Amino acid sequence: MDIVYEPEPLPETRAAILEGLIAYNERQTEGRYPPPRSIALGLRDPQTGRSVGGLTARIAYSRMFVELIFVPEHLRGQGLGAELIGRAEAVAREAGCTGIWLDTFSFQAPGFYEKLGYTEFGTLADYPPGFTRHYLHKQLS
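The rules we used
- Residues numbered from 1 in each chain as written.
- Predicted model: local features only at pLDDT ≥ 70, side-chain atom pairs only at ≥ 80, totals over all residues.
- Heavy atoms only, no water.
- Helix = DSSP H or I, 4+ residues; strand = E, 2+ residues; numbered from the N terminus.
- Buried < 20%, exposed > 50% of the residue type's maximum accessible area, 1.4 Å probe, protein only.
- Pairing = 2+ DSSP bridges.
- Core = buried A, V, L, I, M, F, W, Y, C linked by side-chain atoms within 4.5 Å.
- Contact = heavy atoms within 4.5 Å.
- Phe/Tyr/Trp six-rings, centres within 6.5 Å; stacked < 30°, edge-to-face > 60°.
- Expected span 1.5 Å × (residues − 1).
- Salt bridge = Lys/Arg side-chain N within 4 Å of Asp/Glu carboxyl O.

S.K.: Which residues make up the side chain of Lys 138, and what are the values?
M.R.: Along the chain, the position of Lys 138 falls in strand β6 (residues 132-139). By relative accessible area, which is 17% here, Lys 138 ends up buried.

S.K.: Before we move on, could you go through the pairing of strand β4 (residues 99-105) and cite the residues and values that matter?
M.R.: Every other side chain in a regular strand lies on the same face of the sheet, so the side chains alternate between the two faces. For β4, the buried fraction is high: 6 of the 7 residues fall into the buried class. Sheet topology places β4 next to β6; 7 bridges connect them, and they run antiparallel. By the bridge assignment, Gly 99 is partnered in β6 with Gln 139.

S.K.: Please provide a residue-by-residue account of the nonpolar core, values included.
M.R.: Counting 20 residues, the largest nonpolar core has Ile 39, Leu 55, Met 64, Ile 100 and Tyr 118 as its most contacted members. Elements with a contribution of two residues or more to this core: β1 (37-44), β2 (51-60), β3 (63-70), α2 (80-94) and β4. Of the residues forming this core, the biggest block, 4 residues, is contributed by α2. Apart from the residues within four sequence positions on either side, Ile 39 is in contact with Leu 55, Thr 56, Ala 57, Ile 59, Met 64 and Val 91.

S.K.: Describe the packing of aromatic side chains, with residues and values.
M.R.: Per the stated rule, a full pass over the model turns up 9 aromatic pairs. Ring centres 6.2 Å apart and planes at 75° place the aromatic pair Tyr 113 and Tyr 118 in the edge-to-face group. Note on Tyr 113: relative accessible area 6%, which makes it buried. With a relative accessible area of 2%, Tyr 118 lands in the buried category.

S.K.: An account of helix α1 (residues 11-28) is requested, with residue identities and associated values reported.
M.R.: The terminal C-alpha atoms of α1, which comprises 18 residues, lie 26 Å apart, in line with the 26 Å expected from a rise of 1.5 Å per residue. Trailing α1 by a residue or two, Glu 30 shows a phi angle of about 55°, which is positive.

S.K.: Outline the pattern of salt bridges, supporting the account with residue identities and numerical values.
M.R.: This model, assessed by the stated rule, comprises 5 salt bridges. We note a salt bridge from Arg 58 to Glu 67, for which the minimum N-O separation is 2.7 Å. Exposure remark for Glu 67: the relative accessible area of 33% places this residue in the partly exposed category. Linking Asp 103 and Arg 133 is a salt bridge whose minimum nitrogen-to-oxygen distance equals 2.8 Å. Of this pair, Asp 103 sits in strand β4 while Arg 133 sits in strand β6, and the two are 30 residues apart along the sequence. When sorted by exposure, Asp 103 lands in the same class as Arg 133, which is buried.

Dropping the structure here:
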């Protein structure tokens with residue numbers, strides 16, 4: 001078998017990896033969970049309908065993972081970030097999730113998530129150099 005470096009993954013390479021991993025995971029978990037799925041909560045400009053930010057997440061194995069969240073600087077401080085997280089938590093509950101996890105950098109917003117009830121379960125120091133990556137989780141009731 002050849003190992004081939006792809007500086008930008010080819011769609012068929014990503015599909016082979018993802019499909020193979022999903023099939024393996026389903027066999028290991030005996031199909032007890034629905035297939036992983038992605039969701040988005042978009043922030044749209046009401047005048048233009050253009051997306052300006054929002055949140056993306058993945059639901060798998062009874063947890064939601066918040067992949068990305070972005071609120072433009074001119075809209076911060078208005079509660080939109082907390083509303084996005086609250087809406088994501090509602091979607092997670094509806095999907096039967098028992099918790100949500102995410103990661104953030106020290107120069108982003110670890111304190112913001114802690115105020116919303118998230119607790120840190122790990123860190124990666126000096127990533128990027130001079131900063132820390134924080135991993136947080138919130139148990140859903």
